[in-house]
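Remarks on the overall topology
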Amino acid sequence: MSDPKPARFDAIVVGAGFAGLYMLHRLRGMGLNAHVYERAEGVGGTWWWNRYPGARCDVESLQYSYSWDPELERDWTWSEKYAAQPEIQAYAEFVAERHDLKRDISFSTSVEAAEWDDAAGLWRVRTSAGPAEAPQLILATGCLSSTSMPDIPGREDFRGETYHTGLWPHEGVDFTGKKVAIIGTGSSAIQAIPIIAAQAKELVVHQRTPNFSIPARNARLTDAQREAWRARSQERRAWARANTRNAIVTTLPEKPVLEATPEEREAEFTRRWETGGITFSAAFNDLALDEEANAYAAEFVRERIREIVKDPETAEALCPKDYPIFTKRICVDTDYFETFNLPHVRLVNLRETPLETVTEAGVRTSAGEEAYDAIVYATGFDAMTGAILNIDPVGKGGRRMSEAWAEGPKAYLGLMTAGFPNLFLITGPGSPSVLTNMIVSIEHHVDMICEQLSRMQARGATRLEAQPEEQEAWVAHVNARASATLYPRAASWYMGANIPGKPRVFMPYIGQDEYRRKVAELAAKDWPGLSMGKGRAASDAAAG
Ligand code: NA7
C-alpha cells in the first residue's frame, strides 16, 4: 500500500487559537495558500479547552481583543470588564466567521509529526487525517495548551469522576450534592473554586503552594465605557505597546516603593487593590527587582488575606511566604479567599499533610483517606514548550527539537530555532508572550513572520534560518534580563519548575517594550540573526 498523496500548501499553520486565526488571515492576504490544522472541533485554542467553571481572562476584554481589524472592534460588544470563557470563545467564532477563516481549517485533526526535507526544501507533516507538506511551517500551538496531569500514584484507580480544568467537558459538570476534591491552587483553581463551592455539597481544596491573588472587581461594561475605548483604542494600544512591559494600558508607576513614605505606600497599594486586577503589580517600579520592595507588596496582600479569611489557621495557610510576589503569575479572583469562610469548604495544607496517593474512593494524605464523588485536577500545563515538543519537529540532519532544546528551549527572538529552517514559533520561548497581553504579542509575531516571508519572496529565497551564534547570544540575553529581577526565585511554570525533569530555564522575555525596540533595531539592520538561502525549491527537486 502506498501512502496517500500529501496535501500541498505554501504554509501549514498548527493551531486555530488567536495566533492561528490571525496568521491564516495574514497569509491569505499575502496571496499564499495556507492551511490550518486544529485538534479541537472548533476555533479558540486554549479558550476552547479551558471551560472550567469561572474560566475568565485576567486581561480586560477591551484590550484582550484583536487590533488588526477596526471593524471587529466596532461590531463586537464585550459585556464585562473581564470576559468569561464563553464570551471569548464566541469572539473567536465571530472573527472566524467574519473573515471566512474556517474553510481553510481542518478541525479534529492533530499534527503528529513534522520533518524537514532539506533536499526538497519542505516540511513534511503527518496529521491524523493524512500527510501534508509545505515550505513553511508555523506553530501557533499556544503557550498553555499541553495540560499537565500530576504523577500521583493511584490516579487511575479512582472510581469517581475525574476532571482536569484544562480539558473540561463541553457539556459542563453539575456538582450539585457532590463531595468534591480539587488539587492545585493556581490561577485555574482560584477561578473555579468559588463557582464549584456554590454547587457542591462539600469542597476540599488540596493546596501545595498558596498563591497571591488580587480581586478582579469584575463588572458589566457600560456603553459609555465601550465607546470611550473605541474612540481612542488605536492610540491607547500603541501607547501600551511602546511604553509598558506587558502591553496593558495602565497608569505607570511613578516611583520606587523604597522612596515612598509609609502613607504613600499604603495609599497606592490600596488604590490598586480597590481597582482590582493584575495592574496591582504596577503600583511601584521596583517591586519585581528588589527584595525589600517586593516584601512590602507581598505583606500588603497577606494582610488582606488575613482580613478576609476568618479562621486564622486557614488564613495563614493561604498566605504565600516562600517566594516573592509577582514571580509566579499573579492570580485575579472573584471571592476566592471569601470562599474559605463557607462551612462546607475546607483547605488541606499538603505542606503539612502531604498527598500520598489517590485511591479507589478518594484521596489519601498523611492524615488519612477521604472519600470523594469527584476529583478536579487544576494542575496546570507543560507551558510554552509542551505543545511544540509534543510534535517534536525534526530539523536538518535528522535532529529533533527535543535534542536541540535538551538544556532548555533555544529560539532566536522566540521566533525561530537554528537547524529548523522555515519553522516559525508564534510567541515561542524567548519572546515576551505569557508576561504580556497575549493577543498583542501574537499580533507582533504574526506580523514579524509575514515580514520574513515578504523578504524571502522579494529576494527569491526558499529558506530562512536562525544563526546559531545569534541564537546563543539571544538566549543569554533573555536569561540575563531574568537574572536582573526576582523572577527566577520562584519555582514557577515560567521556569519549567512545575514539570518533573524539565530544564530550569526562565523562558519568557521580560519587557515587551524593550523586545519591540530590539526587533525594530534588527529589522533596520536587515535581520543579521536570520540567514536566507536559495536551496533547491521543491519544484526543482521534483524536476531533478
Ligand atoms: P498552575 O498555575 O501551574 O497551577 C497548578 C497548581 O497545581 C499549583 O497550585 C500546583 O502546586 C498544583 N499541583 C501541581 N501538581 C501537583 C501535585 N502533584 N500535587 C499537588 N498539587 C499540585 O496552573 P493553572 O492552570 O492554575 O494556571 C496556569 C496559567 O493559566 C495561569 O498562570 C494563567 O496564566 C492562566 P505547586 O505550585 O506546584 O506547589
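Now for a look at the structure at hand. (Residues numbered from 1 in each chain as written. Predicted model: local features only at pLDDT ≥ 70, side-chain atom pairs only at ≥ 80, totals over all residues. Heavy atoms only, no water.)

**Concerning the environment of A83**
Short version of the rule: Here a strand is any run of E in DSSP of at least two residues, a helix any run of H or I of at least four, and the numbering for each starts at the N terminus. The buried label applies to any residue whose accessible area, calculated with a 1.4 Å probe on protein chains only, is under 20% of its type's maximum; exposed applies above 50%, and partly exposed to all values in between. Whether two residues touch is decided by their heavy atoms; if any such pair falls within 4.5 Å, the residues are in contact.
For A83, the position within the fold is in the loop between α3 (70–75) and α4 (85–98). On the basis of relative accessibility, which here comes to 1%, the residue A83 falls in the buried class. In sequence terms A83 and V301 are 218 residues apart; their C-alpha atoms lie 24 Å from each other. Leave out the neighbours within four places in its chain, and A83 touches R56, C57, S61, W78 and I88.

**Here's the deal with α4**
We count it as follows: Residue count minus one, scaled by 1.5 Å, sets the expected span of a helix.
Between the first and last C-alpha of α4 there are 20 Å, a value that for 14 residues agrees with the 20 Å anticipated at 1.5 Å per step. Taken together, the buried positions of α4 are Q85, E87, I88, Q89, Y91, A92, F94, V95 and A96. Its buried side turned inward, α4 meets α1 (18–29), α2 (46–49) and α3. At the C-terminal side of α4, D100 shows a positive phi close to 50°.

**Comments concerning the nonpolar core**
This is how it is decided: Grouping buried Ala, Val, Leu, Ile, Met, Phe, Trp, Tyr and Cys residues that are joined through side-chain atoms within 4.5 Å yields what is termed a nonpolar core. Where a domain begins and ends is set by an automatic assignment or by a domain database.
Counting 137 residues, the largest nonpolar core has F18, Y66, F175 and F280 as its most contacted members. Examining the composition of this core, we find that nine residues originate from one element, helix α13 (residues 438–459), more than from any other. Formed jointly, this core draws a minimum of three residues from each of two domains, domain 1 (7–146 + 382–542) and domain 2 (187–377). Here F280 is in contact with I214, F269, R272, W273, L287, A297, F300, V301, I325 and F326, once residues within four sequence places are set aside.

**Some details on the sheet that holds strand β15 (residues 355–358)**
To summarise the sheet geometry, strands pair through backbone hydrogen bonds and adopt either a parallel or an antiparallel arrangement. Our working definition: Two strands are said to pair when DSSP picks up at least two bridges between them. Under this scheme, a helix contributes an axis fitted over its contacting stretch, all axes are lines through C-alpha atoms, and angles between N-to-C directions fall in the 0 to 180 degree range.
If you walk across this open sheet you meet the three strands as β15-β16-β17, and the pairing is antiparallel. Each of the sheet's edge strands pairs with one partner strand only, and the pair in question is β15 and β17 (368–371). Across the sheet, the mean angle separating the axes of adjacent strands is 20° when strand polarity is ignored.

**What to know about the site of the ligand**
As a reminder, the rule being used: Here, proximity means that at least one heavy atom of the residue falls within 4 Å of the molecule or strand. Whenever a nitrogen or oxygen atom comes within 3.5 Å of another N or O atom, the pair is scored as a polar contact, on the condition that within protein one atom can donate a hydrogen and the other can accept it, and that pairs from neighbouring residues in sequence are kept only if both atoms are in side chains. Polar here means any residue outside two lists: the nonpolar Ala, Val, Leu, Ile, Met, Phe, Trp, Tyr, Cys and Pro, and the charged Asp, Glu, Lys and Arg; Gly therefore counts as polar.
Lining the immediate surroundings of the ligand are 19 residues, of which T185, S187, S188, R208 and T209 lie closest. A distance of 2.9 Å separates an oxygen atom of the ligand from a polar atom in the backbone of S187. Side-chain polar atom of T209 to an oxygen atom of the ligand: 2.4 Å apart, as the coordinates give it. Counted by class, the shell around the ligand contains eight nonpolar, eight polar and three charged residues.

**Some details on the packing of aromatic side chains**
Using the following cut-off: In this analysis, rings of Phe, Tyr and Trp, with Trp reduced to its six-membered ring, are considered paired at centre separations within 6.5 Å, and the interplanar angle assigns stacked below 30 degrees, edge-to-face beyond 60, and tilted for intermediate values. When the NZ atom of lysine or the CZ atom of arginine is within 6 Å of a ring's centre and also within 35 degrees of its normal, the charge is said to sit over that ring.
All told, the structure shown has 34 aromatic pairs when counted by the stated rule. When the ring of W76 is compared with that of W78, the centres are 5.6 Å apart and the planes differ by 70°; the resulting orientation is edge-to-face. Its relative accessible area of 14% is what places W76 among the buried residues. Aromatic side chains Y163 and F175 sit 5.9 Å apart centroid to centroid with 90° between the ring planes, which places their arrangement in the edge-to-face category. Placement of Y163 in strand β9 (residues 161–164) and of F175 in the loop between β9 and β10 (179–183) is noted, with a sequence separation of 12 residues between them. Note on accessibility: Y163 and F175 belong to one class, buried. An aromatic cluster is defined as three or more aromatic residues linked by ring pairs; in this entry it consists of F18, Y22, W47, Y64, Y66, W68, W76, W78, Y91 and F94. Here the basic side chain of R51 rests over the ring of W48, its NZ or CZ set 4.6 Å away from the ring centre.

These figures come from the coordinates and say nothing about function on their own.
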